[in-house]
Amino acid sequence: MGRALLVYDDDCGFCRVCLAVVLAWDRRRRIRPVALQSEEAARRLAGMPETERMASWHLARADGTVHSAGSAFGPLFRELPGGAGLAALANRFPRAAERGYARVARNRSVLGRALPRSARRWADATIERCREDRNSTPADWLSAR
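If you're wondering where the values come from, they're calculated on a predicted model, not measured in any experiment. (Residues numbered from 1 in each chain as written. Predicted model: local features only at pLDDT ≥ 70, side-chain atom pairs only at ≥ 80, totals over all residues. Heavy atoms only, no water.)

1. Considering helix 1 (residues 13-25)
Working step 1: Between its terminal C-alpha atoms helix 1 stretches 19 Å, which fits the 18 Å expected from 13 residues at 1.5 Å a residue.
Working step 2: In terms of burial, helix 1 is a largely internal element, 10 of the 13 residues being buried.
Working step 3: Those residues of helix 1 that sit buried are G13, F14, C15, R16, V17, L19, A20, V22, L23 and A24. (Helix = DSSP H or I, 4+ residues; strand = E, 2+ residues; numbered from the N terminus. Expected span 1.5 Å × (residues − 1). Buried < 20%, exposed > 50% of the residue type's maximum accessible area, 1.4 Å probe, protein only.)

Dropping the structure here:
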C-alpha cells in the first residue's frame, strides 16, 4: 500500500490518544496504526530486540526504514499535511526531539491518567475506524467523539 506503519503501545491510553491525533491529522491516509503487541509489529520489526521494540513507538516506512522514539518525529511530520516545518525542526534539533520523546515516554502513565475517559474513548473509536473503514478520511473520524 505504500503507507507508513506507526507502531504504538496499545496498552497505553496516552499513546492511543496521541496516535488518534496523528490519524485525525493524516487526511491523506499515509499512516496505518499497528499495535506493538501484534504479530504484524513483530514481523515488521523482526531483528529488533524485544526490549528495544517495546521501549518506544516506531515509524516503519514502505522503503524498509524504521525510525524509533524521537528520531521518528521528522519522518512522521513529513507524512502529514502541513507538517514539513515541524519535520524540519525535529531534524534540525534531533537531540531535543529525543530528549522530549524520552521525557514524555517516562511520564506517559501519569499523562494517561490525567486524560479524561472521553478522550480515551474517542481515541479508541478513531483507531478502530481507521482499521475498519478504508474509504473514509481521518477528518471523518473526528465525529466519533
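2. A word on the confidence of the model for the protein
Working step 1: On average, residues of the protein carry a pLDDT of 90, and 90% of them reach 70 or more.
Working step 2: Within the protein, the lowest mean pLDDT, 53, falls on helix 9 (residues 138-141), and the highest, 97, falls on helix 5 (residues 84-92). (pLDDT = per-residue confidence, 0-100.)

3. Overview of a nonpolar patch on the surface
Working step 1: A surface patch of nonpolar side chains, amounting to about 280 Å² of accessible area, comprises L86, L89 and F93.
Working step 2: As for its placement among the helices and strands, L86 is situated in helix 5. (Patch = residues over 30% accessible without salt bridge, like charges linked within 9 Å, V, L, I, M, F, W, Y side chains within 5 Å. Areas by Shrake-Rupley, 256 points an atom, 1.4 Å probe, with all protein chains shown as cover. Salt bridge = Lys/Arg side-chain N within 4 Å of Asp/Glu carboxyl O.)

4. Re unusual backbone geometry
Trans peptide bonds make up most of the peptide bonds, and negative phi angles are found at most residues other than glycine.
Working step 1: In this structure, R29 takes a positive phi of about 60° despite not being glycine.
Working step 2: Checked against the element boundaries, R29 lands in the loop between helix 1 and strand 2 (31-35).
Working step 3: Take R29: its relative accessible area is 14%, and that puts it in the buried class.

5. Details of the side chain of R32
Working step 1: With respect to the secondary-structure elements, R32 resides in strand 2.
Working step 2: At a separation of 2.5 Å, a polar atom in the side chain of R32 contacts the side chain of E40. (Polar contact = N/O pair within 3.5 Å; in protein donor to acceptor, adjacent residues only side chain to side chain.)

6. Let's talk about the sheet that holds strand 1 (residues 4-8)
Working step 1: One open sheet accounts for four strands, arranged 2-1-3-4; its pairing is mixed. With one partner strand each, in any of the chains shown, strand 2 and strand 4 (66-68) form the two edges of the open sheet. The mean angle between the axes of side-by-side strands here comes to 25°, regardless of whether they run parallel or antiparallel.
Working step 2: Where strand 3 (residues 58-60) lies against strand 4, three bridges are found, and the strand directions are antiparallel. Looking at strand 4, one finds that H58 is bridged to S68.
Working step 3: Strands strand 1 and strand 2 of the sheet are contacted by helix 8 (residues 117-132), whose axis makes an angle of about 110° with strand 2. (Pairing = 2+ DSSP bridges. Axes fitted to C-alpha atoms, helices over the stretch in contact; angles between N-to-C directions. Contact = heavy atoms within 4.5 Å.)

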